[in-house]
Amino acid sequence: MRFKLKVYRASTSSRTLSLAAVDEKDSRRQALELGFQVISVSRQLDGFSFKVGPSFSIALFSEELLALLEAGLSLVETVDALEQKSKTQESHQILGSLLTMLREGKTFSQALASMPEVFPVLYVATIRTSERTGDLVEALRRYLAYHRQLNRVREKVVAASVYPLLLMAVGLLVVLFLLGYVVPRFSLVYEDLGRNLPWMSRVLMKWGQFISAYGWQTGVATLGFIAGTTYLLFRSSVKARLLKTLWSLPVIGKKIRLYQLARFTRTLAMLVNGGIPFVGALEMVRGLLQQPALQRGLTHAAIMVREGRAVSDAFASNGLATDVGVRLLIVGERSGELGQSLERIAGLYDDEIARWVDWFTKLFEPLLMIGIGLVIGTIVVLMYLPIFELANSLQ
């Protein structure tokens, strides 16, 4: 469950944190560990929520930061310039807090870590590693490249989903129009024919008569059903159950697992290339694996690596890499370029997912159009079938 905390720190003004915790006491403990004093704690409702994500874009912030640093500005001057050009109140507050802490002598990573609701742990770790080497520019380049690659497959999936979703929405609206408006009016025309109608047409006409008599009650019940279903889908327990069902599906579950492995492997590669110890990097990317089996596998793999086992053996034994991925890990271990091997593995996973999305889209879209056409065609034929039979009897 998540808790909303109003906190403050001596060097900054009060702010709001959103933390995942077991209970209220655990949320207070987490806030204290981050260096905040807690003013109030309230539990966020688990369920129906249309909360919009923060308008502060880390990718845009990193791109602007990189451009100004490459132009020769110091870090403090860069953050000051970004604060002055910020257009939203949220960005102005975040950059103002960063600037204040930098002027107080804190490191950039410490300033970022003070706002965990804005800057994720991976971003802070990347910046902290660059402070040891003194190459912040290269760290920003590496993070931006990682961000682009990580979003490439996601954007492809979203783009491929737009047309089928639009098609389903239009088809559903047409079906609702036929069943809610056209069929009830046809039912009044055919009311005197009685048993002379085919039985499927009689069922459809009964539906039309029912809508004519109880139209607004049916509309209210339908809206209530939609609202209830949406509420359930936003609940964590229901979403977890749906995800578990998807994971158990033969083909889709395998592709979801591969997508999680791709994100996990690419993030791990960025951290390893940034100089973070491998075991520490494994702990940092734990949250990217949602399937319980993969989470257990990661725990066992971390134990094996601590015991001195090869990374390829640990990943192969716990299902954290495919056969090809394991071979590439072996090559990386021999050459001492484990981070580059992890990047190659993530690229292979991304390419496989992209090919599958293309194939599935080309197959699913025609089938969807055929299905919608059959449903609409069946309703229309059942409405006009009595007219056809009446014409035949007159002949």
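Each chain has its residues counted from 1, following the order in which its sequence is written. A pLDDT threshold of at least 70 governs which residues receive local features in this predicted model, and a stricter bar of 80 or more applies before side-chain atom pairs are shown or counted, although totals over entire chains, interfaces and linings include all residues. Heavy atoms from the whole structure form the basis of all side-chain values; hydrogens and water molecules are not counted.

The name given to the chain in an unreviewed UniProt entry is Type II secretion system F family protein, with Duganella radicis as the source organism. UniProt positions are given in the numbering used here, feature names are shortened, and annotations may be inferred rather than shown by experiment. We quote the UniProt Subcellular location (unreviewed entry) comment for the chain here in full: "Cell membrane". You can read under Sequence similarities (unreviewed entry) in the UniProt record for the chain the words "Belongs to the GSP F family."

As a further point, take the overall build of the chain. Numbering goes from the N terminus for both helices and strands, where a helix is a DSSP run of H or I of at least four residues and a strand is a run of E of at least two. When its secondary structure is counted, the chain shows 16 helices and 3 strands. Only protein chains enter the area calculation, which uses a 1.4 Å probe; residues under 20% of their type maximum are buried, those over 50% are exposed, and those in between are partly exposed. Counting every position in the chain, which comprises 395 residues, the buried fraction comes to 37%. Note on areas: Shrake-Rupley with a 1.4 Å probe; residue coverage comes only from the protein chains shown. Looking at the chain as shown, the accessible area adds up to about 22800 Å², and 62% of this sits on carbon and sulfur atoms.

Quick look at the UniProt feature "transmembrane region" (unreviewed entry) in the chain now. In the numbering used here, UniProt assigns the feature "transmembrane region" (unreviewed entry) to residues 157-183, 214-234 and 367-387. Along residues 157-183 one finds 100% helix and 0% strand; the C-alpha atoms at either end are 38 Å apart. For residues 214-234, helix accounts for 90% and strand for 0%, while the C-alpha atoms at its two ends are 30 Å apart.

A few words on empty space enclosed by the protein. The distinction between a cavity and a pocket rests on a 1 Å grid over the protein atoms alone: a 1.4 Å probe fits inside a cavity but cannot get out, while a pocket stays open yet meets protein on both sides within 12 Å along at least five of seven lines, and a residue with an atom within 4 Å of a point counts as lining. Grid points are joined across faces, edges and corners, and a volume is the space filled by probe spheres set on the points. Counted under the stated rule, the structure contains 1 cavity of 30 Å³ or more. Gln149, Leu150, Val153, Tyr259, Ala262, Arg263, Arg266 and Asp350 together form the lining of the largest cavity. Elements supplying a minimum of two residues to the lining of the largest cavity: helix 7 (136-189) and helix 11 (250-273). Here the lining of the largest cavity gets 4 residues from one element, more than from any other, and that element is helix 11. When residues are sorted by character, Ala, Val, Leu, Ile, Met, Phe, Trp, Tyr, Cys and Pro go into the nonpolar class, Asp, Glu, Lys and Arg into the charged class, and all the rest, Gly among them, into the polar class. For the lining of the largest cavity, a count of residues per class yields 4 nonpolar, 1 polar and 3 charged.

This paragraph deals with the pattern of salt bridges. Here, a salt bridge means any side-chain nitrogen of Lys or Arg that lies within 4 Å of a carboxyl oxygen of Asp or Glu. Taken as a whole and assessed by the stated rule, the structure comprises 9 salt bridges. The salt bridge involving aspartate 358 is made with lysine 156; its shortest N-O contact spans 3.2 Å. Placement of the pair is aspartate 358 in helix 16 (residues 338-394) and lysine 156 in helix 7, with a sequence separation of 202 residues. Owing to a relative accessible area of 35%, aspartate 358 belongs among the partly exposed residues under this scheme. Given the relative accessible area of 31%, lysine 156 is considered partly exposed. Glutamate 283 serves as the salt-bridge partner of arginine 306, at 3.2 Å between the closest nitrogen and oxygen. Of the two residues, arginine 306 sits in helix 13 (residues 292-306) while glutamate 283 sits in helix 12 (residues 278-284), which places them 23 residues apart along the sequence. Here the salt bridges do not stand alone but share partners, grouping Glu70, Glu138 and Arg141 into one network.

A few words now on helix 13. A helix is expected to span 1.5 Å multiplied by its residue count minus one. The terminal C-alpha atoms of helix 13, which comprises 15 residues, lie 21 Å apart, in line with the 21 Å expected from a rise of 1.5 Å per residue. Restricting attention to buried positions, one finds in helix 13 the residues Leu294, Gly297, Leu298, Ala301, Ala302, Met304 and Val305. Down the axis of helix 13, the buried side of the element spans an arc of 160°, and every buried residue falls inside it. Whether two residues touch is decided by their heavy atoms; if any such pair falls within 4.5 Å, the residues are in contact. Buried-residue contacts for helix 13 involve helix 11, helix 12 and helix 14 (311-317). Here, the arc refers to the directions that run from the helix axis to the C-beta atoms.

This paragraph deals with the environment of alanine 301. Mapped onto the elements, alanine 301 comes out in helix 13. For alanine 301, a relative accessible area of 0% gives the class buried. With 14 residues separating them in the primary sequence, alanine 301 and phenylalanine 315 have C-alpha atoms 6.2 Å apart. Once residues lying within four places of it in the same chain are set aside, the contact partners of alanine 301 are Ala314, Asn318 and Leu320.

A word on the nonpolar core. Nonpolar core, defined: a set of buried Ala, Val, Leu, Ile, Met, Phe, Trp, Tyr and Cys residues in which side-chain atoms within 4.5 Å join the residues together. Grouped together as the largest cluster of nonpolar side chains are 67 residues, with contacts concentrated most on Phe61, Phe119 and Phe315. As used throughout, domain bounds are those supplied by an automatic or database domain assignment. Structurally, this core is a two-domain feature, drawing no fewer than three residues from each of domain 2 (62-147) and domain 3 (148-200 + 229-394). Excluding its chain neighbours within four sequence positions, the residues that come into contact with phenylalanine 119 are Phe56, Ile58, Phe61, Ile94, Leu98, Leu112 and Val124. Counting residues in each nonpolar core, the second largest holds 10 residues, with Leu178, Leu204, Leu382 and Met383 among its members.

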